[in-house]
Amino acid sequence: MNYYSTNKQAPVADFREAAIKGQAPDKGLYFPERIPQVDPELIRNLDDYSNEEIAFRVIQPYVGATIDEAQLFQIVSETVNFPIPLVPVTDQISSLELFHGPTLAFKDIGARFMSRCLGYFTKDRKEKITVLVATSGDTGGAVANGFFNVEGVEVVILYPSGKVSPVQEKQLTTLGHNIQALEVSGTFDDCQAMVKQAFADPELTQKLFLTSANSINVARWLPQQFYYFFAYKQWQCKDQPPVIAVPSGNFGNICAGILAMQSGLPVKHFIAACNVNDIVSAYLSTEILQPREAVPTLSNAMDVGNPSNFVRILEIFNHQFPLLKDKLSSATISDAATEQTIGEVFRQFHYTLDPHGAVGYLSLANYLQKHPEQKGMFLETAHPVKFPDAVERNTKEEQIIPASLEPMMQQPKQSIFMAPGYQNLKEYLWNKV
Ligand SMILES: *Cc1c(COP(=O)(O)O)cnc(C)c1O
């Protein structure tokens with residue numbers, strides 16, 4: 001399988017090259033030359049297959065010969081080695097719990113797959129790869145955990161001081177070894193700007209092999225298809241495919257779901273569940289994509305004003321707006337409605353939502369009110385304990401940190417404090433090698 005750049009100016013790349021580069025040299029996103037079809041027999045008999053087997057069958061055509069099959073099977077096994085249950089919340093609505101991985105967020109799946117692929121690709125290289133990433137919380141933890149102790153890869157994570165939750169901060173700062181956290185006395189946007197400048201600095205990129213770990217990277221984006229198949233495996237009414245609501249920020253997750261559908265997975269409809277950063281909602285009514293500055297919300301992993309993966313969704317539908325509108329709608333959920341939903345769902349159904357899941361739940365519930373004959377699921381993308389303030393305020397129940405995290409919570413924080421500004425980051429990276 002080859003990948004072309006959505007900007008159409010760069011040469012095609014195989015999976016290996018696309019995964020190592022991250023972004024295409026013309027600043028486009030890599031996209032597969034064709035969308036492989038999953039064997040209909042597999043879809044009909046998903047129950048007979050283990051999650052590892054399903055994941056392997058889904059991803060193998062995308063990887064091609066760049067990773068040998070036994071190694072790839074090992075990589076997918078390690079990627080999906082935790083439960084991903086579909087939990088009924090009401091008669092009509094189920095929750096696909098993607099938060100049972102090591103950092104309690106769905107990003108674990110993409111990060112675990114990507115890190116193992118990069119580890120495999122760098123085995124024989126002399127030069128180390130440096131993964132540079134800015135995080136508002138969730139990405140950094142999943143990336144740090146995924147890459148921990150992967151040989152040949154150094155990870156540098158920038159996060160805004162005082163603006164991530166206590167669990168998130170521990171996840172970023174307690175691993176050590178090849179993981180370094182830079183605590184920036186500024187905002188997420190400051191961190192992001194520093195990282196962007198590093199990638200654009202020819203002097204630095206001559207000296208260091210830099211790559212990013214966001215969902216632009218095909219090795220993080222594509223494995224996110226796995227759990228849509230696992231969800232359907234657990235779906236009870238196979239003759240009535242689900243409506244799926246996906247809490248969306250950069251649109252990597254929902255785009256992977258749409259790709260799975262185009263490969264043959266039965267899905268009735270997708271809902272992009274957004275907070276007030278809803279430029280895609282505006283697009284679906286005007287056909288104009290108008291990026292704007294992100295506004296901070298409770299579901300802060302979705303505070304994105306220019307969703308980078310949306311161009312891939314357009315690509316899947318061949319830029320044909322009517323096709324896209326038929327399969328995708330969107331919803332905008334305010335912080336007030338998010339809080340109210342956390343409280344109501346807890347009281348009525350004894351289910352605890354995190355703010356991102358609450359946006360997904362309400363988007364789906366509103367849709368099903370207009371389509372009462374249908375059923376659906378929302379993706380619960382993070383564990384509620386990662387967002388204790390909003391959850392406890394509305395459920396009036398204390399969030400208990402899972403026992404599996406206790407050892408980490410006891411570890412001392414290790415970070416390097418840094419003022420915003422690219423020069424500070426450059427100096428640090430320069431002296432590191
Ligand atoms: C990253 C994230 C999202 C948004 O996912 P995208 O792929 O960027 O759309 C939603 N919820 C949580 C908890 C996240 O960490």
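One can find the structure itself at the top, above this paragraph.
Read on for an overview of the structure. (Residues numbered from 1 in each chain as written. Predicted model: local features only at pLDDT ≥ 70, side-chain atom pairs only at ≥ 80, totals over all residues. Heavy atoms only, no water.)

Secondary structure summary: the chain contains 20 helices and 14 strands in total. The principal-axis extents of the C-alpha atoms in the chain amount to approximately 60 × 50 × 45 Å. For the chain, the residues scored as buried account for 60% of the 433 residues in total. Here the analysis covers contacts within the chain between residues at least 6 apart in sequence; of these, 75% occur between residues at least 24 apart. A total of about 17400 Å² of accessible surface is found on the chain, and carbon and sulfur atoms cover 49% of it. Positive and negative charge centroids in the chain, built from 35 and 46 side chains respectively, lie 3 Å apart. (Helix = DSSP H or I, 4+ residues; strand = E, 2+ residues; numbered from the N terminus. Buried < 20%, exposed > 50% of the residue type's maximum accessible area, 1.4 Å probe, protein only. Contact = heavy atoms within 4.5 Å. Areas by Shrake-Rupley, 256 points an atom, 1.4 Å probe, with all protein chains shown as cover. Lys, Arg positive; Asp, Glu negative; His and termini not counted. Charge placed at Lys NZ, Arg CZ, Asp CG, Glu CD.)

Turning to the site of the ligand, a few remarks are in order. Around the ligand, a shell composed of 15 residues is seen, among which Lys-107, Asp-138, Gly-249, Asn-250 and Thr-381 lie nearest. Between the ligand and Asn-250, the relevant distance is 2.8 Å, taken from an oxygen atom to a main-chain nitrogen or oxygen of the residue. One nitrogen or oxygen atom from the main chain of Gly-252 is found 3.2 Å from an oxygen atom belonging to the ligand. Coverage of the ligand by the protein amounts to 97% of the 390 Å² it exposes when considered alone. When its residues are assigned to classes, the shell around the ligand shows 6 nonpolar, 7 polar and 2 charged. (Near = heavy atom within 4 Å. Polar contact = N/O pair within 3.5 Å; in protein donor to acceptor, adjacent residues only side chain to side chain. Nonpolar A, V, L, I, M, F, W, Y, C, P; charged D, E, K, R; others polar.)

Let's shift gears to the pairing of strand E13 (residues 376-380). Both faces of the sheet carry side chains from a regular strand, because those side chains alternate between them. Where burial is concerned, most of E13 is hidden: 5 out of the 5 residues are buried. Alternating residues of E13 divide into Gly-376, Phe-378 and Glu-380 and Met-377 and Leu-379, and every residue in both groups is buried. Pairing analysis gives 5 bridges linking strand E5 (residues 93-97) to E13, with the strands arranged parallel. Paired with Ser-95 across the bridge in E13 is Phe-378. Bridge count for strand E10 (residues 243-247) against E13 is 3 bridges, and the pairing is parallel. (Pairing = 2+ DSSP bridges.)

With that out of the way, let us pick up the environment of Gly-146. One can find Gly-146 in helix H6 (residues 138-147). Between the C-alpha atoms of Gly-146 and Gly-421, which are 275 residues apart in sequence, the distance is 28 Å. If we ignore the near neighbours within four places in the chain, the residues touching Gly-146 are Ala-111, Ser-115 and Arg-116.

Before going further, it helps to spend a moment on the sheet that holds strand E2 (residues 13-14). Taken together, the 3 strands give an open sheet; going across it, the order is E2-E1-E3, and neighbouring strands pair in antiparallel fashion. The two strands at the open ends of the sheet, each matched to only one other strand, are E2 and strand E3 (30-32). Sheet topology places strand E1 (residues 2-5) next to E3; 3 bridges connect them, and they run antiparallel. Within E3, the position partnered with Tyr-4 by the bridge is Phe-31.

Bringing the side chain of Ser-363 into the picture now. Within the secondary structure, Ser-363 sits in helix H17 (residues 355-370). Separated by 2.7 Å, the side chain of Ser-363 and the backbone oxygen of Val-359 make a polar contact. Setting aside its immediate chain neighbours within four residues, Ser-363 contacts Ile-271, Ala-273, Ala-331 and Ile-333.

The next subject is the side chain of Arg-112. Its place among the elements puts Arg-112 in helix H5 (residues 107-122). Asp-108 provides the closest opposite charge to the buried, unpaired Arg-112, separated from it by 5.9 Å. A distance of 2.9 Å separates a polar side-chain atom of Arg-112 from the backbone oxygen of Glu-78. The contact partners of Arg-112, leaving out residues within four places of it in the chain, are Glu-78, Thr-79, Asn-81, Phe-82, Pro-102 and Asn-145. (Salt bridge = Lys/Arg side-chain N within 4 Å of Asp/Glu carboxyl O.)

The sheet built from 5 strands is open, its strands ordered E9-E6-E7-E8-E14 with parallel pairing. The sheet is open, and its two edges are formed by strand E9 (209-211) and strand E14 (416-418), each paired on a single side. Direction aside, neighbouring strands of the sheet carry axes that sit 25° apart on average. Examined bridge by bridge, strand E7 (residues 153-160) and strand E8 (residues 179-184) share 6 bridges and lie parallel to one another. Along E8, the bridge assignment pairs Val-156 with Gln-180. Of the strands in this sheet, strand E6 (129-134), E7 and E8 touch H6, which is tilted by about 160° from E7. Relative to E7, helix H20 (residues 422-432) is tilted by about 160°, and along the sheet it contacts E6, E7, E8 and E14. (Axes fitted to C-alpha atoms, helices over the stretch in contact; angles between N-to-C directions.)

Turning next to the pattern of salt bridges. Counted by the stated rule, this structure contains 13 salt bridges. Glu-315 is paired through a salt bridge with Lys-8; the nearest N and O atoms lie 3.8 Å apart. Placement of the pair is Glu-315 in helix H14 (residues 310-316) and Lys-8 in the loop between E1 and E2, with a sequence separation of 307 residues. When the shortest N-O distance is used, the salt bridge between Asp-278 and Arg-292 registers 2.6 Å. With a gap of 14 residues between them, Asp-278 in the loop between strand E11 (269-274) and helix H13 (279-286) and Arg-292 in the loop between H13 and H14 connect regions that are remote in the sequence. When its relative accessible area of 15% is taken as the criterion, Asp-278 is described as buried.

In short, shape yes, function no, at least from these values alone.
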